Amino acid sequence: MSDIYGKMLEALICPQTGGPLIYDAGAQELISKSAHLAYPIREGIPIMLVSEAREIEEA
């Protein structure tokens, strides 16, 4: 991951809760533990729409 891309991901927050996101490189998703949602990254672009996120189980 490039430094610029990493900084951009660090600046993103969950649109539903305003909480932090965790980058899952393997799944190409940004995980919001507080909202129990995983936001997809498609072609390098984070899709930060709740309607596009998938629900995840509490870890």
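What counts and what doesn't
Residues numbered from 1 in each chain as written. Predicted model: local features only at pLDDT ≥ 70, side-chain atom pairs only at ≥ 80, totals over all residues. Heavy atoms only, no water. Helix = DSSP H or I, 4+ residues; strand = E, 2+ residues; numbered from the N terminus. Buried < 20%, exposed > 50% of the residue type's maximum accessible area, 1.4 Å probe, protein only. Contact = heavy atoms within 4.5 Å. Pairing = 2+ DSSP bridges.

Observations regarding the environment of Ala53
Here's step 1: Within the element layout of this structure, Ala53 appears in the loop between strand E4 (45-46) and strand E5 (54-55).
Here's step 2: A relative accessible area of 16% places Ala53 in the buried class.
Here's step 3: Taking the C-alpha atoms as reference points, Ala53 and Glu29, separated by 24 residues in sequence, lie 9.1 Å from one another.
Here's step 4: The contacts of Ala53, once residues within four sequence positions are left out, are Leu37, Ala38, Tyr39 and Pro40.

Describing the pairing of strand E2 (residues 29-32)
Here's step 1: A two-sided burial pattern is seen for E2, the buried positions comprising Glu29 and Ile31 on one face and Leu30 and Ser32 on the other.
Here's step 2: Relative to E2, strand E1 (residues 22-24) runs antiparallel, the two sharing three bridges. The residue bridging Asp24 from the neighbouring strand is Glu29, located in E2.
Here's step 3: Two successive antiparallel strands, E1 and E2, enclose a turn made up of four residues, where Gln28 displays a positive phi of approximately 55°.
Here's step 4: With four bridges connecting them, E2 and strand E3 (residues 37-42) associate as antiparallel partners. The partner of Glu29 across the bridge, within E3, is Pro40.
Here's step 5: As consecutive antiparallel partners, E2 and E3 are separated by four residues, and within that stretch His36 has a phi angle of approximately 60°, a positive value.

Description of unusual backbone geometry
Here's step 1: Even without being glycine, Gln28 reaches a positive phi, approximately 55°.
Here's step 2: Unlike most non-glycine residues, Glu43 shows phi in positive territory, near 55°.
Here's step 3: By the secondary structure assignment, Glu43 is in the loop between E3 and E4.
Here's step 4: Assessed through its relative accessible area of 85%, Glu43 is described here as exposed.

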